[in-house]
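# Observations on chain architecture
Here's the letter readout for the chains.
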Amino acid sequence: MLFLVVAILSLILGFPQPLQSIVTDSRWVIVAALAATLIPPAIAWRYSRRAVQLLDRFPDDPSYGQSAYARGMTLARFTLGGLHATLLLFTDWQTVCQHAPLVGGWLAVPGLLTALPFLVCVVLIWTVVYDADRAIRQIALEIYLFRQRPVHPVWTRWQFVTYNLRHEVLLILIPMIPILAVRDLVHWYHADLRRLSQVANIGDLLLGGCAAMIAVLIPLVLRYVWVTRPLPAGPLRDKLQHMSKKLRLRCGEILVWHSGGMIVNAAVIGVLAPLRYVLLTDAMIEQLEDTKIEAVFGHEAGHVKRHHITFFLLFALISGCTVTIFSVESRGLRPEQYQIASVLLGLLLAFKWGVLFFWISRKFERQADLYGAASLTIAGLPCHAPCAVHGKPGEPAPNPQPRHAVCATAAHVFGDTLHDVAKLNGISADVSNMRHGSIASRSRFLQKLAHDPAAMRRFEQQLGLIKLAIFVGAVGMSLWASVALDLWNVARRLLNW
């Protein structure tokens, strides 16, 4: 859902006019907006009911209901993205919003009104799937009780919807509002800005600078939007801080991420070390033993130490430069040529973010898993199995130790941690996630590489080539965009100004 929020708001920002106005009559445009708003929740409701029925029918095997719920949410999300992208790109919905009464004179309001059907649709989906989500979480609570861990009341429908709004919509909507405001200012005062700065593409530069500044500062905002507090002093904090020193991980703070005791999860946010935070949910701290929390912490550290956040930003930079180049180079095209070029650009970006991004994301997750397992060894986890790193129990370790290898015991503990996280969230280990893959596949992959250092070496080499391709692509597209925007002459004018 988070990915869809990014995609739809990016379309609103990047395409203020439809690529091809197929539906122009305002009445039919409104009908199309209503259909895009109501069809995805109807699909989610149908699969939610089916999931509850399967959970009741097969109480001893909740995977049937969990899988139905996952399939329904996946279908609802694809429908949500497809219908709203169609609404924005092939109808006059944005034009209708821009000419609505009392809209045109307010910064960012036209863009927000354009996004309103999408936001309403998202809220309706979370509202109708609450019963299935509650039933699945109650299964997880039984596991909490069996493990003799703290149990909290399952959140109400209102708490469920507002939690998801904070973590899936406000995460993107808050930084998007100032970007929309800057876009509107640039559009309204474009002639004056060009005259004062004597820079033809001043609007693109201001918009890019605003986006870059927000990307750096957004972790500070999310720290409060997501309701966090510093991890209290105690044995767990001491262990994680000691682990940070061992891993040479620099971050501003380790935070407890409040979820009402419902979510077992972790995250790392922030590019710059002073504004980088590692977040652990309250339920994770309550439900997992310290060693497994260290494993999760090591996974998040892996995203930082393997520079995944940086490469995702470079991946996004390629898209930004592509759109910038297109906006500059397409100004002399005839309307029909512009529409064809826009469709081709849209297909290219759809492939990049709908296929390539998820493929790279899964690779990065597995690399972070390997780093998380290796970090357990660094933290002092003893080895109890035949291992490529430590040799057989009771025998001296290989000398020198293989560079591309992970301890088999650490891999087993990390895989067990993944399965625990799945069970405690009411998720089947075999249900695949587009960004992460399934828990079972990640665990098998980790175990395989722990016993095959040569395969791990090949995997790391593959990741190196992927990162090199992203870096070269980002540098190349940045240089191209710089030429298109004539940044050299812009810099000279600003220095002389």
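Shown above is the structure to which this text applies.
This section reports on the structure supplied with the text. Model, not experiment: these values are computed from the prediction.

For the rest of this paragraph, the subject is the overall build of the protein chain. Check the secondary structure of the protein chain and you find 18 helices and 4 strands. Relative to the compact-globule value of 23 Å for 497 residues, the protein chain shows a C-alpha radius of gyration of 25 Å, a close match. Its C-alpha atoms give the protein chain principal-axis dimensions of about 75 × 60 × 40 Å. By the burial criterion, 46% of the 497 residues in the protein chain qualify as buried. Taking the contacts inside the protein chain whose residues are at least 6 apart along the sequence as the reference set, 77% of them involve residues at least 24 apart. Counting only carbon and sulfur atoms, one obtains 64% of the accessible surface of the protein chain, whose full area is about 24,500 Å². Taking the average location of the 46 positive side-chain charges in the protein chain and that of its 31 negative ones, the two points are 4 Å from each other.

A separate point is the sheet that holds strand β4 (residues 277-281). What links the strands of a sheet is backbone hydrogen bonding, and the strands pair in either a parallel or an antiparallel sense. On the basis of which strands lie adjacent, the open sheet formed by 4 strands has the order β1-β2-β4-β3 and mixed pairing. Pairing within the sheet leaves two strands with one partner each, and these edge strands are β1 (228-230) and β3 (266-269). Across the sheet, the mean angle from the axis of one strand to that of its neighbour is 30°, orientation sign disregarded. Across 5 bridges, the pairing between strand β2 (residues 253-257) and β4 is parallel. Paired with leucine 255 across the strands is leucine 279, a residue of β4. Along the sheet, helix α10 (residues 235-247) contacts β1, β2 and β4; its crossing angle with β2, the most-contacted strand, is approximately 135°.

Turning to the packing of aromatic side chains, a few remarks are in order. Per the counting criterion, the structure on display carries 12 aromatic pairs. Their ring planes at 35° and their centres at 4.6 Å tell us that phenylalanine 58 and tyrosine 64 sit as a pair that is tilted. Arranged with centres 5.9 Å apart and planes meeting at 50°, the rings of tryptophan 155 and phenylalanine 160 form a pair that is tilted. The exposure class of phenylalanine 160 is buried, given its relative accessible area of 4%. These aromatic residues form a ring-pair network of at least three members: Phe312, Phe315, Trp353, Phe357, Phe358 and Phe364. Looking at arginine 366, its charged tip hangs above the ring of phenylalanine 445, at a distance of 5.8 Å from the centre.

Further remarks concern unusual backbone geometry. Notably, valine 227 is not glycine yet its phi reads approximately 60°, a positive angle. Looking at the element boundaries, valine 227 is found in the loop between α9 (202-225) and β1. One non-glycine residue with positive phi stands out, namely histidine 307, at about 60°. You can see histidine 307 is positioned in the loop between α12 (290-305) and α13 (308-329).

Our focus in this paragraph is a positive patch on the surface. Together, Arg46, Arg49, Arg50, Arg57 and Arg71 make up a positively charged patch on the protein surface. By secondary structure assignment, the location of arginine 71 is in helix α3 (residues 63-90).

Moving on: the pairing of β3. A two-sided burial pattern is seen for β3, the buried positions comprising Ala266 and Val268 on one face and Ala267 and Ile269 on the other. Sheet topology note: the β3/β4 ladder contains 4 bridges and is antiparallel. Along β4, the bridge assignment pairs isoleucine 269 with tyrosine 277.

Now for the nonpolar core. In this structure, Leu9, Phe118, Trp155, Val264, Met284 and Leu288 are the most contacted members of the largest nonpolar core, which totals 97 residues. Looking at this core element by element, the count peaks at 11 residues for helix α7 (residues 157-188). Those residues within four positions of phenylalanine 118 in sequence are excluded, and the remaining contacts are Leu4, Val5, Ile8, Leu80 and His84. Counting 42 residues, the second largest nonpolar core, distinct from the first, contains Ala295, Leu376, Phe414 and Ala450.

In this section: the side chain of arginine 237. Counting through the fold element by element, arginine 237 comes out in helix α10. Residue classification places arginine 237 among the buried positions, given a relative accessible area of 15%. At a separation of 2.7 Å, a polar atom in the side chain of arginine 237 contacts the side chain of glutamate 253. Setting aside chain neighbours within four positions, we find arginine 237 in contact with Pro230, Leu231, Pro232, Glu253 and Ile254.

Analysis parameters
- Residues numbered from 1 in each chain as written.
- Predicted model: local features only at pLDDT ≥ 70, side-chain atom pairs only at ≥ 80, totals over all residues.
- Heavy atoms only, no water.
- Helix = DSSP H or I, 4+ residues; strand = E, 2+ residues; numbered from the N terminus.
- Rg over C-alpha atoms; globule rule 2.2 N^0.38 Å.
- Buried < 20%, exposed > 50% of the residue type's maximum accessible area, 1.4 Å probe, protein only.
- Contact = heavy atoms within 4.5 Å.
- Areas by Shrake-Rupley, 256 points an atom, 1.4 Å probe, with all protein chains shown as cover.
- Lys, Arg positive; Asp, Glu negative; His and termini not counted.
- Charge placed at Lys NZ, Arg CZ, Asp CG, Glu CD.
- Pairing = 2+ DSSP bridges.
- Axes fitted to C-alpha atoms, helices over the stretch in contact; angles between N-to-C directions.
- Phe/Tyr/Trp six-rings, centres within 6.5 Å; stacked < 30°, edge-to-face > 60°.
- Lys NZ or Arg CZ within 6 Å of the ring centre and 35° of its normal.
- Patch = residues over 30% accessible without salt bridge, like charges linked within 9 Å, V, L, I, M, F, W, Y side chains within 5 Å.
- Salt bridge = Lys/Arg side-chain N within 4 Å of Asp/Glu carboxyl O.
- Core = buried A, V, L, I, M, F, W, Y, C linked by side-chain atoms within 4.5 Å.
- Polar contact = N/O pair within 3.5 Å; in protein donor to acceptor, adjacent residues only side chain to side chain.

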